[in-house]
Amino acid sequence: MLTDIIAVHLNVIFCGINPGLKSADEGHHFSGRSNRFWRVLHQSGFTPYEIQAVNDTSILDFGYGLTTAVARATSRADELSKEEFDESLEAFKLKITEFQPRYIAFLGKAAYKAFSKKKEISWGKQSDDFCGAGVWVLPNTSGLNRGFSLDDLVTFYREFYEAIYE
């Protein structure tokens, strides 16, 4: 089981699609060896050093939180059904309404596409908010996402960082 790392009025809640098996087993977000989340977060400016997955709760110190769109752990996000996203939507809305982050950053298009019911999603800032939070869609940092190099990921995340802080 993977627990949300969340608090009221965070600057950003980073929302993964669902936990990977290793993260769920160890109880730490983005703990898979090939996942580049912590490195990308640091290199794009969000954190002054690279947080280790075992210290994932320290992300709160920087005004950020972590959650997933769907709670069920899988080895690949494409193992989730449309119904699982649909069943998760209300609880997710309640969470965002309760914690009121400035922004939600969906990591990958799948969850935001399912939650917004939009057919086409572009990368970056979205025109609609979600329960009062601004929305960004960023490439997923999973090692299975071979379509984006580390440099590509850092560029997308840095664009988000600069948009909200500069």
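Above: the structure in question.
Remember, it's a predicted structure, so these values are computed and weren't measured experimentally. (Residues numbered from 1 in each chain as written. Predicted model: local features only at pLDDT ≥ 70, side-chain atom pairs only at ≥ 80, totals over all residues. Heavy atoms only, no water.)

Asker: How would you sum up the packing of aromatic side chains? Please name residues and give values.
Answerer: In the structure shown here, the tally under the stated rule is 25 aromatic pairs. Each ring, one from Phe-14 and one from Phe-46, has its centre 5.4 Å from the other, and the planes form 85 degrees; the classification is edge-to-face. Of this pair, Phe-14 sits in strand β1 (residues 12–16) while Phe-46 sits in the loop between α2 (37–43) and β2 (64–68), and the two are 32 residues apart along the sequence. Note on Phe-46: relative accessible area 3%, which makes it buried. A connected cluster of aromatic rings, assembled from ring pairs, spans Phe-14, Phe-30, Phe-37, Trp-38, Phe-46, Tyr-64, Tyr-103, Trp-136, Phe-160, Tyr-161 and Tyr-165. (Phe/Tyr/Trp six-rings, centres within 6.5 Å; stacked < 30°, edge-to-face > 60°. Helix = DSSP H or I, 4+ residues; strand = E, 2+ residues; numbered from the N terminus. Buried < 20%, exposed > 50% of the residue type's maximum accessible area, 1.4 Å probe, protein only.)

Asker: Account for the pairing of strand β3 (residues 103–107), with residues named and values stated.
Answerer: The buried fraction of β3 is high, at 5 of 5 residues. Both faces of β3 are covered, namely the face carrying Tyr-103, Ala-105 and Leu-107 and the face carrying Ile-104 and Phe-106. One ladder, built from 4 bridges, connects β1 with β3; its direction is parallel. Across the sheet, the residue bridging to Cys-15 is Phe-106, located in β3. One ladder, built from 5 bridges, connects β3 with strand β5 (residues 134–138); its direction is parallel. By the bridge assignment, Phe-106 is partnered in β5 with Val-137. (Pairing = 2+ DSSP bridges.)

Asker: Before we move on, can you summarise the side chain of Arg-36 with the specific residues and values?
Answerer: Relative to the elements of secondary structure, Arg-36 occurs in the loop between α1 (21–26) and α2. Buried within the structure, Arg-36 lacks any salt-bridge partner; Asp-152 is the closest side chain of opposite charge, at an N-O distance of 7.6 Å. In terms of polar contacts, Arg-36 uses its side chain to reach the backbone carbonyl oxygen of Ser-142, at 3.1 Å. Not counting the four nearest positions on each side in its chain, Arg-36 is found in contact with Asn-140, Thr-141, Ser-142, Asn-145, Phe-148, Ser-149, Leu-150 and Leu-153. (Lys, Arg positive; Asp, Glu negative; His and termini not counted. Salt bridge = Lys/Arg side-chain N within 4 Å of Asp/Glu carboxyl O. Polar contact = N/O pair within 3.5 Å; in protein donor to acceptor, adjacent residues only side chain to side chain. Contact = heavy atoms within 4.5 Å.)

Asker: So what's going on with the pattern of salt bridges? Which residues, and what values?
Answerer: All told, the structure shown has 8 salt bridges when counted by the stated rule. Two residues, Arg-39 and Glu-50, come together in a salt bridge whose shortest N-O distance is 3.9 Å. Highlighted residues: Arg-39 in helix α2 and Glu-50 in the loop between α2 and β2, separated in sequence by 11 residues. When its relative accessible area of 33% is taken as the criterion, Glu-50 is described as partly exposed. Lys-117 is the salt-bridge partner of Asp-86, the closest N and O atoms lying 3.1 Å from each other. In this pair, Asp-86 is assigned in helix α3 (residues 82–99) and Lys-117 in the loop between α4 (110–116) and β4 (124–125), connecting sequence segments 31 residues apart. Exposure remark for Asp-86: the relative accessible area of 32% places this residue in the partly exposed category. Given the relative accessible area of 52%, Lys-117 is considered exposed.

Any functional reading would require information beyond the geometric quantities listed.
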